[in-house]
Amino acid sequence: QVQLVESGGGLVQPGGSLRLSCAASGSMSSFPAVGWYRQAPGNQRELVATITNIGTTNYADSVKGRFTISRDNAKNTLYLQMNRLKPEDTAIYYCNCRTLSYFNYWGQGTQVTVSS
C-alpha cells in the first residue's frame, strides 16, 4: 500500500505560479507512470500531465508550455510546476501512481484557486 500526500496548492492571481509536490510513502520508482490529474466543480477528473520512469512526459493541450512535470525517484516525490496560471486552472489537483497491472493510487488532492 502506498500513501500519496500532495502539497503546494493555494490561491494565486492570474499569471502567477505554483509548485505542487506529491510525496509517496513507498518507492516511486516502482511505478512505470505517475502523474497529475485535476477536477473542477461539476467536471470530470481530467489528465494534466504524466511522466514515465524513463522521463517521457505527456501533457494536456490546455497546459502545454505552461506546466512542467518532474519526478525525483530518490526522494519519492513528484512535482508539477505551474506557470502563467489562468482562472480555468482552478481545480483540485490529484497525484496518481499507476502500477504495471494498472492499479491506481490517488492522493487526497490539493486545491488550486486562480483568481484576482
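For the structure given in this document, a descriptive report is provided here. This structure is a prediction, so every number in the text was calculated from the model and none was measured. (Residues numbered from 1 in each chain as written. Predicted model: local features only at pLDDT ≥ 70, side-chain atom pairs only at ≥ 80, totals over all residues. Heavy atoms only, no water.)

1. Some details on the pattern of salt bridges
So, point 1. Within the structure shown, the criterion is met by four salt bridges.
So, point 2. The shortest N-O distance in the salt bridge between Glu46 and Arg38 comes to 2.7 Å.
So, point 3. Between Asp89 and Arg66 there is a salt bridge; the shortest N-O distance is 2.7 Å. Here Arg66 lies in the loop between β6 (57-59) and β7 (67-72) and Asp89 lies in the loop between β8 (77-82) and β9 (91-98), a separation of 23 residues in the sequence. Here Asp89 matches Arg66 in class, with each residue buried.
So, point 4. Residues joined in a network through salt bridges with shared partners are Arg38, Glu46, Arg66 and Asp89. (Salt bridge = Lys/Arg side-chain N within 4 Å of Asp/Glu carboxyl O. Helix = DSSP H or I, 4+ residues; strand = E, 2+ residues; numbered from the N terminus. Buried < 20%, exposed > 50% of the residue type's maximum accessible area, 1.4 Å probe, protein only.)

2. Details of the state of the cysteines
So, point 1. Tallying each qualifying case throughout the model produces one disulfide.
So, point 2. The disulfide partner of Cys22 is Cys95, and the S-S distance across this bridge is 2.1 Å. With the S-S bond torsion at -80 degrees, the cross-link from Cys22 to Cys95 turns out left-handed. Remark: Cys95 occurs in strand β9 and Cys22 occurs in strand β3 (residues 18-24); sequence separation between them is 73 residues. Comparing Cys22 with Cys95 shows no difference in burial state: the two are buried. (Disulfide = S-S within 2.5 Å.)

3. Considerations on the packing of aromatic side chains
So, point 1. Scanning the entire structure with this criterion turns up three aromatic pairs.
So, point 2. Arranged with centres 5.8 Å apart and planes meeting at 75 degrees, the rings of Phe31 and Tyr105 form a pair that is edge-to-face. Placement of the pair is Phe31 in the loop between β3 and β4 (33-39) and Tyr105 in strand β10 (residues 104-106), with a sequence separation of 74 residues. Per residue, the accessibility class of Phe31 equals that of Tyr105, and both read buried.
So, point 3. Note on Phe103 and Tyr105: the rings are 5.0 Å apart at their centroids and 75 degrees apart in plane angle, and the pair reads as edge-to-face.
So, point 4. For Tyr105, a relative accessible area of 15% gives the class buried.
So, point 5. Here the basic side chain of Arg19 rests over the ring of Tyr79, its NZ or CZ set 4.0 Å away from the ring centre.
So, point 6. The ring of Trp106 carries Arg45 above its face, with NZ or CZ at 4.6 Å from the centroid. (Phe/Tyr/Trp six-rings, centres within 6.5 Å; stacked < 30°, edge-to-face > 60°. Lys NZ or Arg CZ within 6 Å of the ring centre and 35° of its normal.)

4. Points about the nonpolar core
So, point 1. Within the largest apolar cluster, 31 residues are counted, with the highest numbers of intra-cluster contacts made by Trp36, Leu78, Leu80, Met82 and Tyr93.
So, point 2. Elements that contribute at least two residues to this core include exactly β3, β4, β5 (46-52), β7, β8, β9 and β11 (110-114).
So, point 3. If we ignore the near neighbours within four places in the chain, the residues touching Met82 are Gly16, Ser17, Leu18, Leu20, Arg66, Phe67, Tyr93 and Val112. (Core = buried A, V, L, I, M, F, W, Y, C linked by side-chain atoms within 4.5 Å. Contact = heavy atoms within 4.5 Å.)

5. With respect to the pairing of strand β1 (residues 4-7)
So, point 1. Here β1 shows a buried face lined by Leu4 and Glu6 and an unburied face lined by Val5 and Ser7.
So, point 2. Summarising the sheet, β1 and β3 pair through four bridges and their orientation is antiparallel. Note that in β3 the partner of Ser7 across the bridge is Ser21. (Pairing = 2+ DSSP bridges.)

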